Amino acid sequence: MKKEIKYSVIFIVIVLILSWSLTMFFFSKPETVQLFPLVMFIPAIVGIIINSIRYKSFKLVFKPITTRINLKSILFSLIYPLLFIGLVAIVLSLTGIGKFNSDKLSELSNFPSIEMIIIGFLLMFGEEYGWRGFLLKELATAKGKIYSAIVVGIVWALWHGPVVFGLANQTNMENPLLISVIQMGAVFVFSLPFAYSYFLTNNILPPMIFHFVWNFYNPMILGNIYQNQPGIIEGNMIYINGEGLAGIIFGSIFIIWYINTFKKSSIKSITS
């Protein structure tokens, strides 16, 4: 077994067991539910520990955040989620699947506060160092970009499942299990653009930006599927949310493009 695969398996097992266990604990009592975001730090903690044992080098451990980035990766991570959410919102409004609430349109002028940005990026680091900076990198080294993006998508989706199920129960949404399954499907689909944003520079900052932009504007425009709160586009959250069926359908349209892009970049790296 290649060492990258070995480390990946160890990472996946530890992260899922710890995350699922803590999630069950946090949602077991009303007073601990608000602590569930702490689970987001587990992927980074496990990845950093494994890398520290492997490399014994501060520079190598934090290479996923110090590698030089380029303008293309930043622009993609800012623009793609905004265009995606905007496209979904327009189609939902035109088809009547979602209802446009003009009274909430002013919310688009709200920008995240400095405090929100700091906390948000700390949480994003907790996920992105683990998923992209560690697991995606290891699997891509061993098996290639397409394989790594798919496996990370599956693991990332499994990681989300219990959290979404717990929140759906807490907010009294209908059929929490169905919501969890659909949201996991959306997470899997979105693992490809997240992987693409990482592969542009092999730095986790672009995926962190992507993640933050998505987490800020998807709830604002398409609704908060975690807290069952409508956004500017109102309707059944299962259908209209970016992490619902709409996200899966529209995200699936771009899957072939990402796979072909990963394939071309892999061929280019081999022949260069």
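Computed from a predicted model, the values in this text were never measured in an experiment. (Residues numbered from 1 in each chain as written. Predicted model: local features only at pLDDT ≥ 70, side-chain atom pairs only at ≥ 80, totals over all residues. Heavy atoms only, no water.)

Caption draft 1: View of the side chain of Asn 203. Here Asn 203 shows up in the loop between α8 (176-199) and α9 (205-222). For Asn 203, the side chain forms a polar contact with the main-chain oxygen of Thr 67, separated by 2.4 Å. Each residue touching Asn 203, except ones within four places of it in the same chain, is listed here: Pro 64, Ile 65, Thr 66, Thr 67, Ile 69 and Tyr 198. (Helix = DSSP H or I, 4+ residues; strand = E, 2+ residues; numbered from the N terminus. Polar contact = N/O pair within 3.5 Å; in protein donor to acceptor, adjacent residues only side chain to side chain. Contact = heavy atoms within 4.5 Å.)

Caption draft 2: Geometry of the packing of aromatic side chains. One pass over the structure, following the stated rule, counts 29 aromatic pairs. Chaining the aromatic ring pairs together yields one cluster made of Phe 76, Tyr 80, Phe 84, Trp 156, Phe 190, Phe 194, Tyr 196, Phe 210, Trp 214, Phe 254, Trp 257 and Tyr 258. Note that Arg 132 overlies the ring of Trp 156, its terminal NZ or CZ placed 4.2 Å from the centroid. The ring of Phe 199 carries Lys 145 above its face, with NZ or CZ at 5.0 Å from the centroid. (Phe/Tyr/Trp six-rings, centres within 6.5 Å; stacked < 30°, edge-to-face > 60°. Lys NZ or Arg CZ within 6 Å of the ring centre and 35° of its normal.)

Caption draft 3: A look at the UniProt feature "transmembrane region" (unreviewed entry) in the protein chain. The positions that UniProt labels "transmembrane region" (unreviewed entry) are, in the present scheme, residues 7-27, 33-53, 74-97, 109-126, 146-165, 177-196, 208-226 and 238-259. For residues 146-165, the helix share is 100%, the strand share is 0%, and the end-to-end C-alpha distance is 29 Å. The span residues 238-259 is 77% helical and 0% strand by assignment, and the distance between its end C-alpha atoms comes to 27 Å. (UniProt positions renumbered as here; feature names shortened; annotations may be inferred.)

Caption draft 4: Representation of helix α1 (residues 3-26). Helix length check: α1, at 24 residues, gives a terminal C-alpha distance of 34 Å against a target of 34 Å (1.5 Å per residue), a fit within 8%. Considered for burial, the residues of α1 that qualify are Glu 4, Ile 5, Tyr 7, Ser 8, Phe 11, Ile 12, Val 15, Leu 16, Ser 19, Thr 23 and Phe 26. Where the residues of α1 are buried, they touch α2 (42-55), α6 (114-143) and α7 (145-170). (Expected span 1.5 Å × (residues − 1). Buried < 20%, exposed > 50% of the residue type's maximum accessible area, 1.4 Å probe, protein only.)

Caption draft 5: Region of the structure containing the layout of surface pockets. By volume, the largest pocket is sized at about 1100 Å³. Lining the largest pocket we find 40 residues, and of these Asn 215, Pro 219, Asn 224, Tyr 226 and Gln 227 sit closest to its centre. The leading source of residues in the lining of the largest pocket is α9, at 8 residues. Each pocket or cavity is described by its volume, and for the second largest pocket that value is around 240 Å³. Forming the walls of the second largest pocket are Tyr 55, Leu 60, Lys 63, Pro 64, Thr 67, Lys 137, Ala 140, Tyr 198, Phe 199 and Asn 202. Taken together, the elements giving at least two residues each to the lining of the second largest pocket come down to α4 (63-66), α6 and α8. (1 Å grid on protein atoms, 1.4 Å probe; cavity = no way out; pocket = protein on both sides within 12 Å on 5 of 7 lines; lining within 4 Å. Points joined across faces, edges and corners; volume = space filled by probe spheres on them.)

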